[in-house]
Amino acid sequence: DLLQTLQAWEGAHITQMARLPNDTTNYDLVIAIDTLLDAKVSTNLLLIGQSRFTDQAKPDFVEPGDVTFWQSHHAVSQGLAWTNLTIKRAFKFTPWPDGDVLLSAGETNLIEARSTQSGRQIRIAFDPGSDWNKQTSFAQFLGNLRLWLGPQRIGRIDQPCLVGTICPIDARWHSGRLE
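So, a few notes on the structure that sits alongside this text.

## Quick look at the overall build of the protein chain
Looking only at helices and strands, the protein chain features 2 helices and 10 strands. Each helix (α) and strand (β) of the protein chain, taken in turn from the N terminus, gives the series α-β-β-β-β-β-β-β-β-β-β-α. Burial analysis of the protein chain (179 residues in total) assigns 39% to the buried set. Element-wise, carbon and sulfur atoms account for 51% of the exposed surface of the protein chain, whose accessible area totals about 10,700 Å².

## Overview of the sheet that holds strand E6 (residues 69–70)
Taken together, the 6 strands give an open sheet; going across it, the order is E1-E3-E10-E9-E8-E6, and neighbouring strands pair in mixed fashion. Each edge of the open sheet is held by one strand with a lone partner, namely strand E1 (29–33) and E6. Relative to strand E10 (residues 119–124), strand E9 (residues 108–116) is paired through 6 bridges, and the arrangement is antiparallel. The residue of E10 that forms the bridge with Ser115 is Arg120. The sheet strands contacting helix H2 (residues 136–149) are E1, strand E3 (44–48), E9 and E10, and the helix crosses E10 at an angle near 155 degrees.

## Some remarks on the pairing of E10
Side-chain positions along a regular strand alternate between the two faces of the sheet. Where burial is concerned, most of E10 is hidden: 6 out of the 6 residues are buried. Summarising the sheet, E3 and E10 pair through 4 bridges and their orientation is parallel. Across the sheet, the residue bridging to Leu47 is Arg123, located in E10.

## Thoughts on the packing of aromatic side chains
Applying the stated criterion across every chain yields a total of 5 aromatic pairs. On the basis of an interplanar angle of 45 degrees and a centroid distance of 5.8 Å, the ring pair of Phe126 and Trp132 is categorised as tilted. The exposure class of Phe126 is buried, given its relative accessible area of 1%. Here Trp132 and Phe138 contribute two aromatic rings whose centre-to-centre distance is 5.0 Å and whose plane-to-plane angle is 70 degrees, an arrangement assigned as edge-to-face. Its relative accessible area of 5% is what places Phe138 among the buried residues. An aromatic cluster is defined as three or more aromatic residues linked by ring pairs; in this entry it consists of Trp82, Phe126, Trp132, Phe138 and Phe141. Arg123 extends its terminal NZ or CZ atom over the ring of Phe93, reaching a point 4.2 Å from the ring centre.

The rules we used
Per chain, residue numbering runs from 1 following the sequence as it is written. Reporting in this predicted model follows two pLDDT cut-offs: at least 70 for local features of residues, and 80 or more for side-chain atom pairs to be given and counted; totals over whole chains, interfaces and linings ignore these cut-offs and use all residues. To get the side-chain values, all heavy atoms of the structure are used, and hydrogens and water are removed first. Numbered from the N terminus, helices here are DSSP runs of H or I no shorter than four residues, and strands are runs of E no shorter than two. Categorising residues by exposure relies on relative accessible area from a 1.4 Å probe, with only protein chains included: less than 20% of the type maximum marks a residue as buried, more than 50% marks it as exposed, and the intermediate range marks it as partly exposed. Each accessible area value is a Shrake-Rupley result obtained with a 1.4 Å probe; residue values ignore everything except the protein chains displayed when judging cover. Following DSSP output, two strands are said to pair if at least two bridges run between them. Any two residues having at least one pair of non-hydrogen atoms within 4.5 Å are treated as being in contact. Note on geometry: axes are C-alpha line fits, over the in-contact stretch for helices, and angles between N-to-C directions span 0 to 180 degrees. Two rings belonging to Phe, Tyr or Trp (six-membered ring only in the last case) form a pair when the distance between their centres is within 6.5 Å. Interplanar angles under 30 degrees mark stacking, angles over 60 mark edge-to-face geometry, and anything in between is tilted. We count a charge as sitting over a ring when the NZ of a lysine or the CZ of an arginine lies within 6 Å of the ring centre and within 35 degrees of the ring normal.

Listed below in structure tokens is the structure:
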């Protein structure tokens, strides 16, 4: 189960709510599962299933068939094997113009990711519990997602940043300056 896996993350505190609070900046990640969001999110966001904002069109229900494309160069999808994934039900959204398609089946984008000024966003346009959460690639995806979201507010960096190497930076600093 997704929430059980996330609860196992060191320092994770999961709060379930019927609707978004007015200020989401005190949360490291907002997860919306088949939810219509009526407010903007000012932190990292994981949209699952048919989750969307009220100003977005309702997605069409589709039977996507086999996975036909995956991107293995994105931080979230590195090292994942998608060949055993069976998705019987998905939702066809208008693609994010500033997003990266990580997984698709024909014309249906199944997973998209993007960085915004307020945090990173990822959309999984199907139910990961239908088949994927039983595969090792799901746990690896969540581990990659955690790294992509960046260090948490506790201020501890698990891996030091060495000169000349790629270092993870908190997504909320995406538009800021380091001095």
